[in-house]
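Structural overview for review
Chain residues, written in single-letter form:
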Amino acid sequence: MFSIIPEGAAYREFVLLKDGRGVLLRIASAEDIERVEAFIRGLSRESLAMRFMGGVASVSRKFVEELCTPNLRLQACLLAVEGEGEDEQVLGLGNYIGGGGPVAEVAFMIGDAHQGRGIGTLILERLAGLAAGVGYLGFEAEHLTGNKKMGNVFMDTGFETRRALEDGVIHVQFPLSAPEALRERTDLRERVATANSLVPLLRPRVVAVAGASRDPGSAGNVIFRNILQSRFQGSVYPINPKATSIEGVQAYPSLAALPETPDLVILAVPATKVSALAKRALERGARGLLALAAGFAETGPEGTRRQERLLRLTRSHGARLVGPNCLGLLNTNEAVQLNASLASAMPPRGRVGFFSHSAALGVVILQYAAERGLGFSTFVSAGNRADVSGNDLLQYWDEDPDTDLALLYLETFGNPRRFARLARRISRRKPILCVKSARSHAGRRVAMAHIAAAPRDDAEVEALFHQAGVIRADTLEDLFDIALLLAHQPLPRGNRVAIVSNSGGVATICADACETHGMEISGTGVVNLHAMATPEHYEQACREALEHPQVDALIASFACLGTCDPTVVARAIRRAAVRAEQTTGIAKPTLLSLMGMSGAVPVGSAALAESGGKHRTFPSYRFPESAALALSKVVEYARFRQLPPGRILGYEDLNGGEARRRVEQLVEALPGPAPTPFTEVETREVLGAFGIPIAAPEPSNRKGPQVSLHLSSDPDFGPIWRFHRQGVDSILRLTPLTDLDIAEVLERMRLRPGSGLGETLGRLTQLVEELPWLHTLEATVAIRSDAEAGGPLPLAPGLRLTFSPSATRKP
């Protein structure tokens, strides 16, 4: 995705192509001269002619040396490479050359064998970000009318291009900015590429287990046996140079001896042997690796170096890696049926995708989920997350027709800004339910020790989840309570709840819990059927409640007295739900609290035939408070889904490009790397480019209500806003702020939408996105009664802007 890249010549990024393979993008240097020469020599005559618009058979050494001399203010060349060390080769390159003005000329060359893979599009996007980082405002290019491939690259990116044709040459020009079309297209490209990159891991045709053993207690034997017992629909090969067969299957002495190329290689060997075996697997053509062993970054500096080596090796071959220090993965799809994990039993098939940081906890969760009637589509235990992370799985599940609900157990984030961007989009279609542990100081220390990552403070996490529509569960018990409801029942249309029970005490507890969690008792209200209520009584009361227009959801509890069968009551409630839906045309969630039972309560085929409705499984909770809590979380998520997607506000009078150019010049002149405040004149200049006024000083006795604005740059979460008004709790929000975020901040601050502060925040959002060097912003805004006149509220004098030469936010 296009974003300003301030790293300059230090920029390096592993990116995924649309076929799922990965390449490394980096700036060319003098060490690349021979590689670039070899790349250009390997281009066809047609490709050279298209690039240089004429009959060029070769290029001079001087041309190549200039390409490999990075000076981003004048020119830069970005390489797409694969391989490592002496085996590294260039697949494509792009470069821009400045002519002293704000617009640079851009061009690119892609190897003939790699054209059509999306390399040119990614190079152009990143070149644009690099050029914007040194002050350029636009790109221009020329290509022959017959060069359809280059023309398609400009069209496919989504940049707002202007074209002119003259003498068979097309001149293209576009500004370095991120219009909505560009964001949508880059999101789609990234989503498809990430999903395709995980296919060798989650939908492999051929699997090899390197380290498969005859020892029934070894990880290699356990995982190979689990693959066999899960009735994997592809081919699986055990690799063991000292055995002729494993579990009755012919063993092979090496990966090279396999009769076919493996998609996925499972590395069931000690940590010290993983990298050497991974190298052989990648050379054999594997596109996915699963490393089980511990002994990597979680153990200290030596393990960290071992993990970095494994990651470099994997990425240099364009492959993906799960682990190390992990449990494994599985896919219950009937066309796959893969249990490549240390979990002994395949969980029931369902429509829930599950990602877990913890290996051992992942096994327990799978077992417990099966007991409660929750089925899975896919499961991944990522361990140290050297490569594949929860962000990757979210994008896979977004494209996966077998997954309706994403379940996450997280202890830390790899890239919170990327998580927030993905979750905002995905949660509009599919719910994301997360337990985020390591909330306390003690918990963060434990997480750091066993997954080699530093968890973050909980306030930032809470803000991220709130803005992205992620449902947060505080405990594992809550996670399953909420997941059962999301997996088996429709979303409620509102927060109005009816309660039916055969116990006044239970009904009272349930009503208290509903109101405590922000729901309203409505419609038929609380119906107490008393202790001797029959299934028929339940069916009638539940149907009346569900057919009531002021009821959005029903909680039905049943306290079993003496010898009874709660499933008979469950069938009666189901008949009521089906018939109410047939009558009203509205499906409403129905939750059971069958005292002493918990999990999913299916209803048999006899009841289905009797009612004539579609099959539905009911979530049942041991106690009514659990049902109320789960429902309240889903009500909150449904409210998020009902809102329109948020958008970043745009203003026609902004001059962000010039501001970016000016700030880059000022930052370059700073004396050192420490954040430095701008002068009052520089601050006015920067704010003025975004249409943000600064108020004239006022006497202290005329000051009215004020809102404090504080922005700080976090290395993981990026810029974080804190808003405060006297008498109102402080609000923390992550950038970028959408129109919905701004509206909510105003509501929480008890301000009218037309107060003018909304436009001020919208313009400040644009400033933050355009200026990645911004480190802190501290300002106050006076709320005035005459703000209805329109326009942004001015910032009070004395505000403070600090910038750093090295931007700290992740892209």
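Here, every reference points to the structure presented above.
Now for a look at the structure at hand. Every value quoted in this text rests on a predicted model; they were computed, and no experiment measured them. (Residues numbered from 1 in each chain as written. Predicted model: local features only at pLDDT ≥ 70, side-chain atom pairs only at ≥ 80, totals over all residues. Heavy atoms only, no water.)

1. As for the side chain of Glu-298
For the record, the criterion: Helix numbering and strand numbering both begin at the N terminus, where a helix is a DSSP run of H or I of at least 4 residues and a strand a DSSP run of E of at least 2. Each residue is assigned to one of three classes by its accessible area relative to the maximum for its type, calculated with a 1.4 Å probe on protein chains only: buried under 20%, partly exposed between the two thresholds, exposed over 50%. A positive count includes Lys and Arg, and a negative count includes Asp and Glu. His and the chain ends are not counted in either. Put simply, a salt bridge is a Lys or Arg side-chain nitrogen that is within 4 Å of an Asp or Glu carboxyl oxygen. We call two N or O atoms a polar contact when they sit within 3.5 Å, provided that within protein one can donate a hydrogen and the other can accept it, with sequence-adjacent residues counted only if both atoms are side-chain atoms.
Looking at the element boundaries, Glu-298 is found in the loop between strand 14 (288-291) and helix 10 (301-316). For Glu-298, which is buried and forms no salt bridge, the nearest opposite charge comes from Arg-306, at a distance of 7.6 Å. Within the structure, Glu-298 has its side chain in polar contact with the backbone nitrogen of Gly-295 (distance 2.6 Å).

2. Some details on the pairing of strand 34 (residues 800-803)
Using the following cut-off: Two strands make a pair as long as DSSP finds a minimum of two bridges between them.
Note: strand 29 (residues 676-677) against strand 34, two bridges, orientation antiparallel. Pairing of Pro-677 across the sheet is with Thr-802, part of strand 34. Bridge count for strand 33 (residues 774-782) against strand 34 is four bridges, and the pairing is antiparallel. If you follow Glu-778 over to strand 34, its bridge partner there is Arg-800.

3. Details of a negative patch on the surface
Selection criterion: Only residues whose relative accessible area exceeds 30% and that form no salt bridge are eligible for patches; like-charged ones are grouped when within 9 Å, while nonpolar side chains (Val, Leu, Ile, Met, Phe, Trp, Tyr) are grouped when within 5 Å. Areas reported as accessible are Shrake-Rupley estimates using a 1.4 Å probe. Residue values count occlusion only from the protein chains shown. Every charge is mapped onto a representative atom, which is NZ of Lys, CZ of Arg, CG of Asp or CD of Glu.
Residues Glu-105, Glu-142, Glu-166 and Asp-167 make up a contiguous surface patch of negative charge. Within the secondary structure layout, Asp-167 lies in the loop between strand 7 (162-166) and strand 8 (169-175). Of the residues examined, Asp-167 reaches a relative accessible area of 73% and is grouped as exposed.

4. What to know about the sheet that holds strand 17 (residues 338-341)
As a reminder of what qualifies: Here the axes come from fitting lines to C-alpha atoms, over the contacting stretch only for helices, and the angles between their N-to-C directions go from 0 to 180 degrees. In this description, contact between two residues means that some pair of their heavy atoms is separated by no more than 4.5 Å.
As summarised here, the arrangement of the seven strands in space is 17-16-19-18-20-21-22, forming an open sheet in which the pairing is mixed. In this open sheet, the two edge strands, each paired with only one partner strand, are strand 17 and strand 22 (471-473). Taking each pair of neighbouring strands and ignoring which way they run, the sheet shows an average axis angle of 20°. Running at roughly 165° to strand 19 (residues 376-381), helix 11 (residues 359-371) makes contact with strand 16 (328-331), strand 18 (349-356), strand 19 and strand 20 (405-410) of the sheet. Sitting on the sheet, helix 15 (residues 458-468) touches strand 21 (432-436) and strand 22, and the angle it makes with strand 22 is about 140°.

5. A look at the side chain of Asp-741
Here Asp-741 shows up in helix 24 (residues 739-748). A residue is classified by how much of its surface remains accessible, and Asp-741, at 5% relative accessible area, is buried. For Asp-741, the side chain forms a polar contact with the side chain of Arg-424, separated by 3.1 Å. The residues touching Asp-741, leaving out its near neighbours within four places in the chain, are Arg-424, Gln-467 and Pro-736.

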